[in-house]
Structures are given as structure tokens and as C-alpha cells.
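The lines below spell out each chain.
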Amino acid sequence: MTTTGHEAVMAGLKGELKRLWRYGFVLSGRRDAADDLVQATCLRAIERAHQFIPGTRLDRWLFAILRSIWLNDIRATRYRTGEGTVDAETVLTFDGASAVETNILAGQVLSAVNSLPEAQRETVFLVYGEGLTYREAAETLAIPIGTVMSRLAGARARLAGLALEEKKREAKP
Amino acid sequence: MTGLPPIVSDEELTAFLDGELPQAARRALEARLAEDSSLADRLEALRRGGANLKAGFDALLAAAPEARLATIFADIGVQSRAVPTVSAPVRRQSRSVATVFLRLAAALVLFVAGAAAGVFGQRYWGAQAPEPVNWRVAVADYLSLYTRESLSAIPNDPERLKEELASVSAPLGITLSPDEVALPDLDLKRAQLLRFRDKPLVQLAYLPADDGPVAFCIILNGAPDADPKFESREGQNIVFWSKGGRGFLIIGRTPRPELEALAQRLQSSVS
């Protein structure tokens with residue numbers, strides 16, 4: 001007999017926690033919200049484990065759960081009252097002591113990404129962070145591929161603009 | 001060809017950069033780019049906009065709070081995995097699933113001490129008490145969910161531990177002091193008051209320098225005095241004994257002789 005959905009979820013869930021947390025952080029921009037999202041996602045995944053089809057992508061299934069919790073529960077009720085309040089660079093310093101020193105560039109990139117509108121930010125993450133194809137991202141987000149493309153193009157244009165401003169600021173004494 | 005060439009959109013340029021353009025469109029665009037420097041500039045700007053994104057997200061992944069997530073997971077796993085035993089009892093008939101559920105149900109009872117889980121767990125447990133569960137099974141299950149990381153994130157704080165010990169040991173009718181429960185080469189990380197079948201159960205969690213967590217547990221269960229015995233559960237070694245109406249056990253992946261030495265020490269210091 002093959003494994004059941006329940007067994008597959010139990011076996012794989014722990015290995016996905018960090019990626020779930022990252023997704024939660026990208027969506028919420030907050031550490032506490034990311035923690036809560038991971039927790040809620042695990043609970044719901046276990047509750048619905050019998051619905052998971054073994055052999056399909058557990059990570060995508062979990063992402064869909066996390067996303068739905070974010071959209072339907074957490075975002076609406078608890079977080080994002082102060083939009084963009086988090087300096088993404090701080091997230092890199094909290095756990096690894098000097099992570100930011102070795103990751104100045106990464107910190108800057110994350111700060112810039114965090115300033116993008118949520119829809120762009122999420123799409124950028126799925127495609128450039130998680131490596132989804134346009135089609136996979138479109139399915140995950142339940143939007144047409146054309147919308148994925150316009151979000152990515154919009155994000156790239158905006159990030160390029162931000163990088164340019166940064167450069168100008170640095171050039172000034 | 002006459003007239004203006006079709007305008008190339010940012011979307012198209014982005015898809016080009018991402019390798020998402022069909023081959024024909026890609027070739028056509030490459031040809032245009034070779035001739036049109038302003039188009040090439042636009043492409044370059046979009047390329048800059050997408051630079052280092054992967055590195056940024058990778059750094060974020062590396063910064064994920066692994067220890068905290070492991071703790072969250074351990075706690076939730078115990079709470080919720082027992083739910084299917086209640087909502088879908090039929091499933092318990094199927095082989096390995098049944099054993100998993102049984103073990104997890106045992107762990108649930110132990111975890112019920114958590115305030116949020118309290119009402120929830122007891123209601124379900126009370127509604128459908130399955131096979132009798134030995135408290136050592138429950139402890140072994142609970143501990144098997146912990147890794148070094150679950151404890152290493154907790155800072156060593158003698159003052160906090162002193163308070164924790166005093167408050168958790170009160171329901172046992174004894175007073176545990178840091179000296180009494182100190183073990184050589186093990187850092188005491190946390191003292192928790194739990195509950196097993198309505199009986200207070202205290203778990204002291206220790207972290208050795210280079211091994212998995214070790215726990216010393218005491219339950220007020222009214223059991224008759226018994227000399228130390230040894231057993232293995234869940235890949236962990238256990239030494240357990242009873243004295244003065246209380247059950248004691250020490251559990252960990254520690255080899256038997258060392259674990260028995262620790263048990264002996266606790267036997268004489270805690271009573």
C-alpha cells in the first residue's frame with residue numbers, strides 16, 4: 001500500500017518550515033506574522049492532510065494554505081496596519097549575528113522588495129525566490145500569465161528606479 | 001517593411017530576461033536589440049531591477065528562525081496530530097497510522113498543560129479515552145519531537161530557572177532547588193509544569209554539550225515505591241523509579257551507564 005496523504009504531510013512538513021516562514025515574511029513583512037503564519041499553516045495542513053495527494057508537490061500545497069490563511073484571516077485582522085514598517089535589513093541581523101555585514105547587498109534588495117506593492121512583491125518572490133515558472137506562478141496566484149508578466153515587469157522597473165536613486169544618494173558627498 | 005516596428009513592451013523584455021519567451025519571439029527580439037540601442041538600454045534597466053533578487057531571498061531563507069520554528073512545530077504537532085483520532089476513529093484501524101495516532105494521542109495528553117490546548121485537549125481526551133497510556137510513553141513521545149535546536153535557543157538564566165523551579169514544583173508538594181536538580185555537563189534549560197491524566201507532571205529539560213535533549217520528569221501519581229528500572233522507547237533510554245507517591249524518570253539518548261549514573265544522583269538529591 002502506498003503512503004496516505006496524512007503520512008506524506010507528516011513526513012514532509014517539518015522540512016518546509018523555513019520556506020514557509022520566508023513566504024510568510026515576504027507577504028507580511030513581519031517576523032511575528034511570519035511565525036503565526038507558519039503555525040497556522042501547520043495546523044491547517046495537519047487537519048486537511050487527508051486531502052493531500054501523495055506524489056504531488058507538498059511545498060506548493062503548503063504554500064497555497066499559507067496564502068489562503070494570509071488573505072482570509074491574518075492580513076485582514078491583525079497585521080499590516082502600518083504598511084511597510086519593517087526594515088527588511090533587520091530581519092537579517094536578528095538571528096545570525098553579523099549576517100547583515102556579509103549580506104549588505106541582500107539586505108538592500110530585501111528592503112527594496114519590501115517597498116513593492118503586495119501583489120508585485122509576492123509574484124517576484126514566487127518567480128525569482130522560489131523559481132516558479134510564469135505558468136506555475138499564475139496557477140498559484142490564480143491570475144492570468146499576462147498579469148504575472150506585468151507584475152514582474154512593473155517590479156523590475158520600480159526596483160531599477162530605486163537602485164538608481166540609491167546610487168545617486170551614494171554619489172553625493 | 002514599412003511603418004514603425006511594433007513597440008516592445010516591458011513585459012516582453014522581462015519575459016526575455018526570464019527565459020520565458022518562445023524561441024521565435026526570442027530570436028526576433030534579439031535581432032531588434034542588436035539594432036536598437038534605446039531598446040537595449042530599457043532591457044539593461046530591467047535587468048538591473050531584477051539583479052540580486054535570488055541572493056536576497058536566499059539570505060532571507062538563511063535568516064529564518066530555525067530553532068523557533070522547530071519549537072512551534074513540535075508544539076503544534078503534538079496538539080493537532082491527535083485530532084484525527086477523534087474526528088475519524090475509523091482510520092485508527094489502518095496499521096501504521098493507528099500506531100502513529102496512538103503515540104501522538106499520548107503526547108497530546110501531556111501537552112494539554114499548555115493553556116490554549118487545555119480545554120481542547122481534555123474535552124477530546126475525555127470524550128474518547130483510548131488504550132491506557134503509560135506516562136513514560138507520553139514523555140518519550142513528547143521528547144522525541146525535540147531537537148537540540150528546540151532548547152539551544154533558550155538562554156541560560158539562573159534567576160529565571162530558580163523561579164520556574166519553585167513554581168512548577170509546588171503542585172508536586174516538593175520544592176526543587178537549582179542545586180538539587182543540577183547535573184554534570186548538562187545545562188538546565190527549562191522547567192515546565194505539565195499534566196498527565198489530571199496529575200501534575202514536571203519536566204526539566206537539559207541540553208548536553210553534544211547530544212540530544214535530556215529530560216528529568218516527576219509526576220505526582222501515588223505509585224508505590226519502586227527501585228530504578230531501565231527501558232528504551234522511541235530510540236531513547238529511560239531510567240524510572242518511584243518514591244513517596246511520586247514517579248521519577250530521566251530520559252535521553254544518553255548511553256545507559258551514564259543515564260543510570262545521572263538517575264542515581266537525582267535519586268539522592270531529590271526526594
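Residues numbered from 1 in each chain as written. Chains lettered and ligands numbered in written order. Predicted model: local features only at pLDDT ≥ 70, side-chain atom pairs only at ≥ 80, totals over all residues.

Q: Teacher, can you tell me more about the overall build of chain B here?
A: Counting its secondary structure elements, chain B contains 13 helices and six strands. The buried share of chain B, taken over its 271 residues, is 36%. (Helix = DSSP H or I, 4+ residues; strand = E, 2+ residues; numbered from the N terminus. Buried ≥ 20, exposed ≤ 12 C-beta atoms within 10 Å, placed from the backbone.)

Q: Which parts of the structure should I look at to understand the overall build of chain A?
A: Scanning chain A from N- to C-terminus turns up ten helices and zero strands. Reading the secondary structure of chain A in the N-to-C direction produces α-α-α-α-α-α-α-α-α-α. Split into buried and exposed, the 173 residues of chain A put 42% on the buried side. In chain A, 61% of the contacts between residues at least 6 apart in sequence involve partners at least 24 apart. (Contact = placed C-beta atoms within 7 Å.)

Q: I keep staring at the packing of helix α10 (residues 145–171) of chain A against helix α3 (residues 37–49) of chain B and nothing clicks. Help me out?
A: Two quantities define a packed helix pair, namely the angle between the helix axes and the distance between the axes. Close contact between α10(A) and α3(B) brings their axes to 7 Å; oriented N to C, the two are set at 85 degrees. Considering their axes alone, α10(A) and α3(B) lie roughly perpendicular with respect to each other. Contact residues: α10(A) offers Ala153(A), Arg156(A), Ala157(A), Leu159(A), Ala160(A) and Ala163(A), while α3(B) offers Ala45(B), Leu46(B), Arg48(B) and Gly49(B). A class-by-class count of the residues in the contact of α10(A) with α3(B) yields seven nonpolar, one polar and two charged. (Axes fitted to C-alpha atoms, helices over the stretch in contact; angles between N-to-C directions. Parallel < 35°, antiparallel > 145°, perpendicular 65-115°, else oblique. Nonpolar A, V, L, I, M, F, W, Y, C, P; charged D, E, K, R; others polar.)

Q: Would you mind showing me how to read the interface of chain A and chain B here?
A: Interface size is often expressed as the accessible area that is lost when the parts come together. Listed by partner, the interface residues are 41 residues for chain A and 33 residues for chain B. Take the side of chain A that touches chain B: its biggest share by element is nine residues, from α10(A). For the side of chain A that touches chain B, a count of residues per class yields 26 nonpolar, seven polar and eight charged.

Q: Honestly, the pairing of strand β3 (residues 214–220) of chain B in this entry has me stumped. Any pointers?
A: On any regular strand, side chains alternate: one points to one face of the sheet, the next to the other face. Residue and element names in this part refer to chain B. For β3, a buried count of six out of seven residues is recorded, marking the element as mostly surrounded by other parts of the structure. In this sheet, β3 lies alongside strand β2 (residues 199–208) in antiparallel orientation, the contact comprising six bridges. Directly across from Ala-205, in β3, lies its bridge partner Ala-215. Hairpin remark: β2 followed by β3, antiparallel, with five residues in the connecting loop. By the bridge criterion, six bridges tie β3 to strand β6 (residues 246–252) in an arrangement that is antiparallel. Along β6, the bridge assignment pairs Ile-219 with Gly-247. (Pairing = 2+ DSSP bridges.)

Q: Got a minute to help me understand the nonpolar core in this structure?
A: Soluble globular proteins tend to bury their nonpolar side chains together. By size, the foremost hydrophobic cluster in this structure holds 102 residues, and its most contacted members are Val139(B), Ala215(B) and Ile250(B). With nine residues, helix α4 (residues 58–77) of chain A is the single largest residue contributor to this core. Here this core spans two domains, and each of domain 1 (10–57) and domain 2 (66–269) of chain B adds at least three residues to it. With sequence-adjacent residues up to four places away left out, Ile250(B) is seen in contact with Val214(B), Phe216(B), Val239(B), Leu259(B), Leu262(B), Ala263(B) and Leu266(B). (Core = buried A, V, L, I, M, F, W, Y, C linked by C-beta atoms within 7 Å. Domains from an automatic or database assignment.)

Q: Explanation requested: the pairing of strand β4 (residues 226–233) of chain B in the structure shown.
A: Residues and elements named next belong to chain B. Of all the eight residues making up β4, zero are buried; the element is thus mostly uncovered. Where β4 meets strand β5 (residues 236–243), six bridges bridge the pair, whose relative direction is antiparallel. Among the inter-strand pairings, Phe-230 is bridged to a residue of β5, identified as Val-239. Between β4 and β5, which pair antiparallel one after the other, the connecting turn spans two residues, and Glu-234 there sits at a positive phi close to 55 degrees.

Q: Is there a simple way to think about helix α2 (residues 23–35) of chain B in this case?
A: Because each turn of an α-helix spans 3.6 residues, side chains separated by three or four positions end up pointing in the same direction. For α2(B), which comprises 13 residues, the first-to-last C-alpha distance of 19 Å matches the rise-based estimate of 18 Å (1.5 Å per residue) to within 8%. Counted residue by residue, α2(B) has zero buried out of 13 residues, so it is predominantly exposed. (Expected span 1.5 Å × (residues − 1).)

Q: How do you make sense of unusual backbone geometry when you look at a structure like this?
A: Peptide bonds are mostly trans, and most non-glycine residues show a negative phi. Residue and element names in this part refer to chain B. Of note in the backbone geometry, Asn-52 takes a positive phi value of approximately 65 degrees without being a glycine. You will see that Asp-185, though not glycine, has its phi angle at about 65 degrees, which is positive. As for its position among the elements, Asp-185 is in the loop between α12 (178–181) and β1 (186–196).

Q: Could you clarify how one ought to interpret the packing of helix α8 (residues 118–129) of chain A against α10(A) in this entry?
A: All names here are of chain A. Where α8 meets α10, the axes come as close as 9 Å, and the angle between the chain directions of the two elements is 100 degrees. Classed by the angle they form, the pair α8 and α10 counts as roughly perpendicular. Where α8 abuts α10, its residues Ala-119, Gln-120, Thr-123, Val-124 and Val-127 lie against Val-148, Arg-151, Leu-152, Gly-154 and Ala-155. Taken together, the residues of the contact of α8 with α10 break down into six nonpolar, three polar and one charged.

Q: How do you make sense of the sheet that holds β2(B) when you look at a structure like this?
A: Strands pair in a sheet through their backbones, by hydrogen bonds, and they do so in one of two ways: parallel or antiparallel. Residues and elements named next belong to chain B. The antiparallel open sheet is built from six strands, whose spatial order is β1-β2-β3-β6-β5-β4. Lying at the two open borders of the sheet, with one neighbouring strand each, are β1 and β4. When strand polarity is set aside, the average angle formed by the axes of neighbouring strands in this sheet is 15 degrees. With ten bridges joining them, β1 and β2 adopt antiparallel strand pairing.

Q: Is there a simple way to explain the confidence of the model for chain A in this structure?
A: Atom-level detail of predicted coordinates should not be read off regions where pLDDT is low. Across chain A, the average pLDDT comes to 82, with 80% of residues at 70 or higher. Scored below 50 in pLDDT, residues 80–102 of chain A shows 36 contacts in the model against residues more than four places distant or in partner chains. (pLDDT = per-residue confidence, 0-100.)

Q: What's the story with the confidence of the model for chain B in this structure? I'm lost.
A: All names here are of chain B. Overall, the predicted model of chain B reaches an average pLDDT of 77, with 77% of residues at or above 70. Between the elements of chain B, mean pLDDT differs from a low of 31, seen in helix α8 (residues 115–127), to a high of 96, seen in helix α1 (residues 10–17). Predicted confidence for residues 81–132 stays below pLDDT 50, and this span has 65 contacts to residues more than four positions away or in other chains. Quick note on the complex model: pTM equals 0.54, ipTM equals 0.86.

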